[in-house]
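Here is what each chain is made of, one letter per residue.
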Amino acid sequence: QQQQQQQSAKEKKEREEEEEGKAKADKATLAASLAAAQTKEQLEEGREEKQRETIAALESKVKGLEEARQQQQQQQQQQQQQSAKEKKEREEEEEGKAKADKATLAASLAAAQTKEQLEEGREEKQRETIAALESKVKGLEEARQQQQQQ
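Attention here is on the structure that accompanies the text. (Residues numbered from 1 in each chain as written. Predicted model: local features only at pLDDT ≥ 70, side-chain atom pairs only at ≥ 80, totals over all residues. Heavy atoms only, no water.)

### Things to note about the overall build of the protein
And then number 1: When helices and strands are counted, the protein shows two helices and zero strands.
And then number 2: The C-alpha radius of gyration computed for the protein amounts to 51 Å, which surpasses the reference 15 Å derived for 150 residues by more than 25%, pointing to a less compact arrangement than a globule.
And then number 3: For the protein, the spread of C-alpha atoms along the three principal axes comes to 170 × 20 × 15 Å.
And then number 4: Considering the protein as a whole, with its 150 residues, one finds that 9% of them fall into the buried category.
And then number 5: Looking at the protein as shown, the accessible area adds up to about 13200 Å², and 46% of this sits on carbon and sulfur atoms.
And then number 6: A distance of 2 Å separates the average location of the 28 positive side-chain charges in the protein from that of its 34 negative side-chain charges. (Helix = DSSP H or I, 4+ residues; strand = E, 2+ residues; numbered from the N terminus. Rg over C-alpha atoms; globule rule 2.2 N^0.38 Å. Buried < 20%, exposed > 50% of the residue type's maximum accessible area, 1.4 Å probe, protein only. Areas by Shrake-Rupley, 256 points an atom, 1.4 Å probe, with all protein chains shown as cover. Lys, Arg positive; Asp, Glu negative; His and termini not counted. Charge placed at Lys NZ, Arg CZ, Asp CG, Glu CD.)

Below you can see the structure in the form of structure tokens.
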């Protein structure tokens, strides 16, 4: 009976040790699984954070490029307006000079005709000059009208 009790106790102890070993192995396996899951989760969080940073950087870059493009368009528009204004001013100035030249030549021609001191060739030259200036004035006026129509 004593031997049976010892044998039972021995077997019971062996079973307990075996179960304890299995429990420790299960605990270690679960700990490893948990660590792996946490590592995977940390990697995914890190990847998501990196993606959020990348998206934010790209959105910022796009915004900067759009602002630069808009600024360039505004500058281009201002330059075109300034060029058109300067061209119109030059045309008006040339037109004014041509009209003044025409008036001066007309006055000179009238004075020369009344004095009858100029030779016929000189008068003809002045008429040609006046005709050329009148043509120039007419051309400038037409160009100005076309500019205004545009």
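### Let's talk about the pattern of salt bridges
And then number 1: This model, assessed by the stated rule, comprises nine salt bridges.
And then number 2: A salt bridge links Glu 49 to Arg 52, with the nearest nitrogen and oxygen atoms 2.9 Å apart. Of this pair, Glu 49 and Arg 52 are both found in helix α1 (residues 2-115), three residues apart, which corresponds to roughly one turn of the helix.
And then number 3: By relative accessible area, which is 35% here, Glu 49 ends up partly exposed.
And then number 4: In this structure, Glu 93 engages Lys 97 in a salt bridge whose closest nitrogen and oxygen atoms are separated by 3.6 Å. Of this pair, Glu 93 and Lys 97 both sit in helix α1, separated by four residues, roughly a single helical turn.
And then number 5: Exposure remark for Glu 93: the relative accessible area of 48% places this residue in the partly exposed category.
And then number 6: For Lys 97, a relative accessible area of 51% translates into the label exposed.
And then number 7: Residues joined by salt bridges that share partners form a network here, namely Glu 92, Glu 95, Lys 99, Glu 141 and Arg 144. (Salt bridge = Lys/Arg side-chain N within 4 Å of Asp/Glu carboxyl O.)

### Re the environment of Glu 124
And then number 1: Examined against the element boundaries, Glu 124 turns out to sit in helix α2 (residues 120-149).
And then number 2: On the accessibility criterion, Glu 124 (37% relative accessible area) is partly exposed.
And then number 3: Taking the C-alpha atoms as reference, Glu 124 lies 74 Å from Ser 60; in sequence the two are 64 residues apart.

### Observations concerning the side chain of Glu 95
And then number 1: Within the fold, Glu 95 resides in helix α1.
And then number 2: If we ignore the near neighbours within four places in the chain, the residues touching Glu 95 are Leu 140, Glu 141 and Arg 144. (Contact = heavy atoms within 4.5 Å.)

### A short note on a negative patch on the surface
And then number 1: Among the surface-exposed residues, Glu 11, Glu 14, Glu 16, Glu 17 and Glu 19 lie close enough to one another that they form a single negatively charged patch.
And then number 2: With respect to the helices and strands, Glu 11 occurs in helix α1.
And then number 3: Of the residues examined, Glu 11 reaches a relative accessible area of 36% and is grouped as partly exposed. (Patch = residues over 30% accessible without salt bridge, like charges linked within 9 Å, V, L, I, M, F, W, Y side chains within 5 Å.)

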